[in-house]
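Descriptive analysis of the structure
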Amino acid sequence: MIELVPAIDIIEGKCVRLSQGDYGRMTSYSGNPADVAKAFADAGVGRLHLVDLEGAKVSQPRNLPTLEAIANALDSRIRLEWGGGLKTEDHLRSCFDAGCTDAVIGSTAAKEPATFETWLEKYGAESIVLGADVRKGRIAVKGWQEDSKIGIEELVERFSRKGLKQCIVTEISRDGMLGGPATELYVKLKESWSDIAWTASGGISSFRDIEELDSKGIDRVIIGKAFYEGYITLKEIEQWSRNA
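Let us look at the structure shown here. Just so you know, these numbers come straight off a predicted model, no measurement behind them.

Section: the overall build of the protein
For the protein, the helix and strand inventory stands at 11 helices and 12 strands. A compact globule built from 244 residues would reach a C-alpha radius of gyration of about 18 Å, and the protein, at 16 Å, matches this within 12%. Considering only C-alpha atoms, the protein reaches an extent of 40 × 40 × 35 Å along its principal axes. Across the 244 residues of the protein, 57% fall into the buried class. For the protein, the exposed area adds up to about 10600 Å²; of that, 44% sits on carbon and sulfur atoms. Taking the 31 positively charged and 38 negatively charged side chains of the protein as two groups, their mean positions are separated by 3 Å.

See below:
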């Protein structure tokens, strides 16, 4: 069964969501991020996707105290994916020291691929995740504020030869829009690189979308706005996670 990965996006220590990566279209949600994370963990999920949106925008971590609070609130068996502003090895070490288990690297992988390859070798494929944020087939960087000239296939092919085992693909045009995921894109990527664990991100509106991705053999799916807006419930997440 596909693994459910609830998302917690963070600005100023608070849970928020953006629409299509637009910082001007932000919705804040009640609840301390650590409490929200604990509720997901109690529902049986084994992995959380945490994003430092401020860090992504300014190219350095801004919410590591929130990460530390989340890590301290949870069982150590819960995997914590953390992304946003990880541009240097000092950033990376700080992220791991604060409690993340999986560092999600996006802009640096696209703009400095040799650096990403070094981190992949040093920290291991079980701890380094490629965050491929895609707009019209091209990789977007710097918190989705800029588009690069690199296509996702080109990027994945390069890193697959270096041992890449985890990749999160966000179709930006669908993120936060509740319009359904880019299923064809994920299927194409899974067929081309079957040994990589693929995480679908963006557009999830209901469990029907999740069931479709599951039927296509996609490994993981991030749940964000659909949960916070009430289209997917904590009980549904618990039922799926307990049966996985």
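Examining the pairing of strand β8 (residues 138-141)
Pairing between strand β7 (residues 128-135) and β8: 2 bridges, direction antiparallel. Across the sheet, Val-134 pairs through a bridge with Ile-139, a residue of β8. Here β7 folds back onto β8 in antiparallel fashion, the turn holding 2 residues, of which Lys-136 has a positive phi close to 55 degrees.

Here we look at the packing of aromatic side chains
The final tally for this structure, using the stated rule, is 7 aromatic pairs. Ring geometry for Tyr-29 and Tyr-228: centres 5.0 Å apart, planes at 35 degrees, overall tilted. Of the two residues, Tyr-29 is situated in strand β3 (residues 22-29) and Tyr-228 in helix α10 (residues 225-228); the sequence distance between them amounts to 199 residues. The pair formed by Tyr-29 and Tyr-228 is uniform in burial state, with each residue classed as buried.

Overview of the nonpolar core
With 70 residues, the main nonpolar core has Leu-130, Val-169 and Ile-210 as its most contacted residues. In terms of residue count, helix α1 (residues 33-42) provides more of this core than any other element does, 5 residues in total. Judged by nonpolar contacts, the second largest core, of 7 residues, contains Ile-11, Val-16, Leu-18 and Tyr-23.

A few points about the environment of Ile-196
Examined against the element boundaries, Ile-196 turns out to sit in the loop between α8 (183-192) and β11 (197-201). The class of Ile-196 is buried, set by a relative accessible area of 1%. Put simply, Ile-196 and Phe-116 are 80 residues apart on the chain and 16 Å apart in space, counted from C-alpha to C-alpha. Among all residues touching Ile-196, those that are not within four sequence positions of it are Val-156, Ser-160, Leu-164, Lys-165, Gln-166, Cys-167, Lys-190 and Asp-219.

Focus: the environment of Leu-120
By the element assignment, Leu-120 lies in helix α6 (residues 113-123). The buried category is assigned to Leu-120, whose relative accessible area is 3%. When sequence neighbours within four positions are dropped, the list of residues in contact with Leu-120 reads Ala-125, Ile-128, Phe-159, Lys-162, Gly-163 and Leu-164.

Some words on helix α3 (residues 64-73)
Since there are 3.6 residues in each turn of an α-helix, residues three or four apart along the chain are aligned in direction. Along α3, the positions that sit buried rather than exposed are Leu-64, Thr-66, Leu-67 and Ile-70. One face of α3 carries all of its buried residues, which in axial projection span an arc of 155 degrees. Of the exposed residues in α3, the ones pointing more than 90 degrees away from its buried face are Pro-65 and Asn-72. Against β1 (3-11), α1, β4 (47-52), β5 (79-83) and α4 (89-98) lie the buried residues of α3.

Reading guide: rules and limits
Residues numbered from 1 in each chain as written. Predicted model: local features only at pLDDT ≥ 70, side-chain atom pairs only at ≥ 80, totals over all residues. Heavy atoms only, no water. Helix = DSSP H or I, 4+ residues; strand = E, 2+ residues; numbered from the N terminus. Rg over C-alpha atoms; globule rule 2.2 N^0.38 Å. Buried < 20%, exposed > 50% of the residue type's maximum accessible area, 1.4 Å probe, protein only. Areas by Shrake-Rupley, 256 points an atom, 1.4 Å probe, with all protein chains shown as cover. Lys, Arg positive; Asp, Glu negative; His and termini not counted. Charge placed at Lys NZ, Arg CZ, Asp CG, Glu CD. Pairing = 2+ DSSP bridges. Phe/Tyr/Trp six-rings, centres within 6.5 Å; stacked < 30°, edge-to-face > 60°. Core = buried A, V, L, I, M, F, W, Y, C linked by side-chain atoms within 4.5 Å. Contact = heavy atoms within 4.5 Å. Arc of directions from axis to C-beta.

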